[in-house]
Amino acid sequence: MMKRFHYKRIITFFALLFSVIFIQGNKRANSDGNSYLSPESIITDSNGKYVYVAMATANYVAVVDARSRKVIRKIYVSEKPSGLALSPVQSLLFVTGGISSGKVYKIKPGTGKIISEINVGHSPVAPVLSPDGKTLYVSSRFGNYVSEIDVDKNIVVHNIPVPREPVAAAITPDGKFLFIGHLLPDVPSDSSHIAASVSVINTSKHSVTNNILLPDGSTDLHGMAMSTDGKYGYITHQIAFYSLPTNQLERGWMNTNVFTILDVKKQNVLTSVLLDDVDLGAANPRGIAVSNDGNLLVVAHGGTNEISIIDRNALHEKIDRVNEGEQVTVVSRRIEDVQTDFSFLVGLRDRVSLKGIGARGVTTAGGNIFVSEYFSGSIEIVNPHNLQHIEFLSLGKEPEMSAQRRGEMLFNDAAGCFQQWQSCASCHPDARMDGLNWDLLNDGIGNPKNVKSLLLSHNTPPVMGHGVRASAEVAVRSGFKYILFSTPEEKDAIAVDEYLKNEQAVPSPYLVNGKLSERAKTGKKLFEQAGCINCHSGSYYTNMRSYDVGTLRRWDRTKEKPPLDVPTLIEVWRTAPYLHDGRTMSVEEAFSSCDPGGVKGLSSEDIKALSEYVLSL
């Protein structure tokens, strides 16, 4: 009886095992067949033999044999892969993934086996290894810190606080300094200098020792690379001319697209270089890479589906000449002139159009350039010495584009903009906001207001600061007409509507295991007692009405004090600066601005609890 019992148990065990394998296999097959691939982060090994591509919406890393041009392995991970790092020292692949419960996957690239999973912060991105391969640095985008991980012990040894939304990173060849780029400005948008910044972390001190402010108007920072000799850092971003009314686009009147060069030794900005031509924008620069021999600098343009291949040595030679007082172009007589010189890259740069859509990541190896393309599920391989030889490689079968997916593509595409200067995402990265005040002319001239997140905009009409658009549908079409200076086909506008309608809120980093903290629970009671719920009511925390809440100032040029639209409070933790003119970076200060005497007589501790509740939504 005992033998027969064990025999039955063995049969049952293998039957269950087969069922699990079969189900998982079907899940993977269905994922491959029905999910968009969304290639984003891309890296290669040192000799260019293998290319690793993070498939952001398919939950795996594709391993491509660079010689055969074929996907030879798919490494599945449980969370959305957001970044890649490869350790040649230990032959390890590190993959960041996840949102509120972020992870780092430690993988044997030769087999695809996941060795361990390390818990890290909210929305981990931009993993960077120390030169000796012993330490991995991971940026927690919404936790606002950088985790220092002991690779051998699989533990976080330090969490280093940094400003908002760290999204890009590069380390010096000696490992002494780690540079962290931030997506958005971290100052009120009525400040005299509003710009994203780069934090400098002294790795031996495990702390930020410098914060380099980029040129005024810098926002939407995405890419960072280090020169092979460690002398220069390169950052891709936009420079917005937010102080001007949005009445034209010529010569980058609203947005220009640049890479900024940092002097690593001095830890300051050397200069910014325009990627645009005088009559053709190079919208939404994303990834940036330096070739292994140090000769080339390559930038991927997400909005125009192209790359810029720049002679790095000639670039610095020209910068040195102008720095010494030589006039190198009609415009550039001083180093300060370079930032506005559309001709500076003439003769130094090849601007190469790609077949795919949505250039994101870029890397170089084996004499080739590899570019990931988010919306076409592909990579392209470019020979910089023979630009006629460009290979388009599909990474798998992409399902037919839904209206929502097509809308996301159009939202990020500058082809629909006059002269390709910008896309919708230029002012609304990830369909949120750029941290700036703009004078959009939809309610007169000379009264700029803070850019609003588009999350839930279709569910909470009217829209715009003063509610001047009856619905988000009207605003989308007005955006094409008055900001992109184009007239879209109705099907395109509908597609953008669908994309925005389906955008999901990101869970707040203020939640504890997905629930309100004890202080936030107290804040919720105060939210009701203080009457906040009267205006911020319902599932979207807005009654969709308008009020004069006492925050208008003398430069809000209107004959009367127009009421301000009551915004949703969902994801408010992400949308600083606050109030219609972005005058404050904290919710607590916003409460005080509305009622200088204190909110309904609440104590300072009450205000903190109330703020934590609002920031948890």
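Residues numbered from 1 in each chain as written. Predicted model: local features only at pLDDT ≥ 70, side-chain atom pairs only at ≥ 80, totals over all residues. Heavy atoms only, no water.

The subject of this paragraph is the sheet that holds strand 21 (residues 285-290). Read across the open sheet, the four strands follow the order 21-22-23-24; overall the sheet is antiparallel. For this open sheet the edge positions go to strand 21 and strand 24 (349-353), each flanked by a neighbour on one side alone. Going from strand to strand, the sheet's axes swing by 20° on average, the running direction of each strand aside. In this structure, strand 22 (residues 296-301) lies alongside strand 23 (residues 306-311), joined through six bridges in antiparallel fashion. In the strand pairing of strand 23, L297 is matched with I310. With respect to the sheet, helix 2 (residues 312-323) is in contact with strand 21, strand 22 and strand 23, its orientation differing from that of strand 23 by roughly 65°. (Pairing = 2+ DSSP bridges. Helix = DSSP H or I, 4+ residues; strand = E, 2+ residues; numbered from the N terminus. Axes fitted to C-alpha atoms, helices over the stretch in contact; angles between N-to-C directions. Contact = heavy atoms within 4.5 Å.)

Where helix 7 (residues 518-529) contacts helix 10 (residues 604-615), the axes come no closer than 7 Å and their chain directions differ by 100°. As summarised for this structure, helix 7 and helix 10 are arranged roughly perpendicular, according to the angle between their axes. Side by side, helix 7 and helix 10 meet where R519, A520, T522, G523, K524, L526 and F527 of the first sit next to E605, D606, K608, A609, L610, E612, Y613 and V614 of the second. When its residues are assigned to classes, the contact of helix 7 with helix 10 shows seven nonpolar, two polar and six charged. (Parallel < 35°, antiparallel > 145°, perpendicular 65-115°, else oblique. Nonpolar A, V, L, I, M, F, W, Y, C, P; charged D, E, K, R; others polar.)

Taken in spatial order, the four strands line up as 5-6-7-8 in an open sheet, and their pairing is antiparallel. Edge positions in the sheet fall to strand 5 (81-87) and strand 8 (113-119), since each has one partner strand and no second. Looking at each pair of strands side by side, their axes are set apart by 20° on average, direction ignored. Where strand 6 (residues 92-97) and strand 7 (residues 103-108) come together, five bridges link them in antiparallel fashion.

Ranked by size, the top nonpolar core spans 50 residues in total, and within it F179, V198, F411, W438 and L500 carry the most contacts. Ignoring anything within four residues of it in the chain, the contact list for F411 reads S423, C424, A425, H428, A431, L454, V496, Y499 and L500. (Core = buried A, V, L, I, M, F, W, Y, C linked by side-chain atoms within 4.5 Å. Buried < 20%, exposed > 50% of the residue type's maximum accessible area, 1.4 Å probe, protein only.)

Turning our attention to helix 3 (residues 403-411). Listed as buried for helix 3 are R405, G407, E408, M409, L410 and F411. Packed against the buried residues of helix 3 are helix 4 (424-427) and helix 6 (490-501).

Applying the stated criterion to the full structure yields 28 salt bridges. Note that R432 and E571 form a salt bridge whose closest N and O atoms lie 2.8 Å from each other. Of this pair, R432 sits in the loop between helix 4 and strand 29 (437-438) while E571 sits in the loop between strand 32 (564-565) and helix 9 (587-594), placing them 139 residues apart in sequence. Taken as a pair, R432 and E571 share a single burial class, namely buried. One salt bridge connects E489 with K491, and the closest N-O pair in it is separated by 3.9 Å. Relative accessible area serves as the criterion here: at 48%, E489 is assigned to the partly exposed category. (Salt bridge = Lys/Arg side-chain N within 4 Å of Asp/Glu carboxyl O.)

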